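Each chain, letter by letter, is given below.
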Amino acid sequence: HEALAEALELLRSRRAAHRVPDHFCCSISMELMLDPVITPSGVTFERSALREHLDKVGPFDPVTRRQLSIEQVAPNLALKAAID
């Protein structure tokens, strides 16, 4: 049983080392952002997830519900640098 406990502890420590901070994850896709963009309201999303939202759900900000187009977003370079 000791060997199993040690193996489980090793697995837990490896998983903990690979956890991604929540603020690096898109609130739409819940995945690590590779191309973060910021909306006029100041919320950052993964570009592809936001584009899909705008195309499939509607042309509005997922948080504020204000009208939004992909042309209104800008790259979030500071967050991109922190993630890289």
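Residues numbered from 1 in each chain as written. Predicted model: local features only at pLDDT ≥ 70, side-chain atom pairs only at ≥ 80, totals over all residues. Heavy atoms only, no water.

(A) Up close: the sheet that holds strand β3 (residues 74-75). Read across the open sheet, the three strands follow the order β2-β1-β3; overall the sheet is antiparallel. Here the strands that pair on one side only, and so sit at the sheet edges, are β2 (44-46) and β3. Strand direction decides the pairing type here: strand β1 (residues 36-38) and β2, joined by three bridges, are antiparallel. Bridge assignment links Ile38 to a residue of β2, and that residue is Thr44. Along the sheet, helix α2 (residues 47-56) makes contact with β1, β2 and β3, crossing β2 at roughly 90°. (Pairing = 2+ DSSP bridges. Helix = DSSP H or I, 4+ residues; strand = E, 2+ residues; numbered from the N terminus. Contact = heavy atoms within 4.5 Å. Axes fitted to C-alpha atoms, helices over the stretch in contact; angles between N-to-C directions.)

(B) Expanded view of the environment of Ser41. Tracing the backbone through its elements, the reader meets Ser41 in the loop between β1 and β2. For the pair formed by Ser41 and Thr64, sequence separation is 23 residues and the distance between their alpha carbons is 7.4 Å. Of the polar contacts made by the side chain of Ser41, one reaches the side chain of Thr39; its length is 2.9 Å. In terms of polar contacts, Ser41 uses its side chain to reach the side chain of Asp61, at 3.0 Å. (Polar contact = N/O pair within 3.5 Å; in protein donor to acceptor, adjacent residues only side chain to side chain.)

(C) Expanded view of α2. Listing the buried residues of α2 in full gives Ala49, Leu50, His53 and Leu54. What you see down the axis of α2 is that its buried residues fit within an arc of 135°, all on one side. Residues of α2 that are exposed and point more than 90 degrees away from the buried face comprise Asp55 and Lys56. The inward-facing, buried residues of α2 abut β1 and β2. Immediately downstream of α2, the backbone of Gly58 shows phi near 155°, a positive value. (Buried < 20%, exposed > 50% of the residue type's maximum accessible area, 1.4 Å probe, protein only. Arc of directions from axis to C-beta.)

On their own, these measurements won't tell you what the molecule is for.
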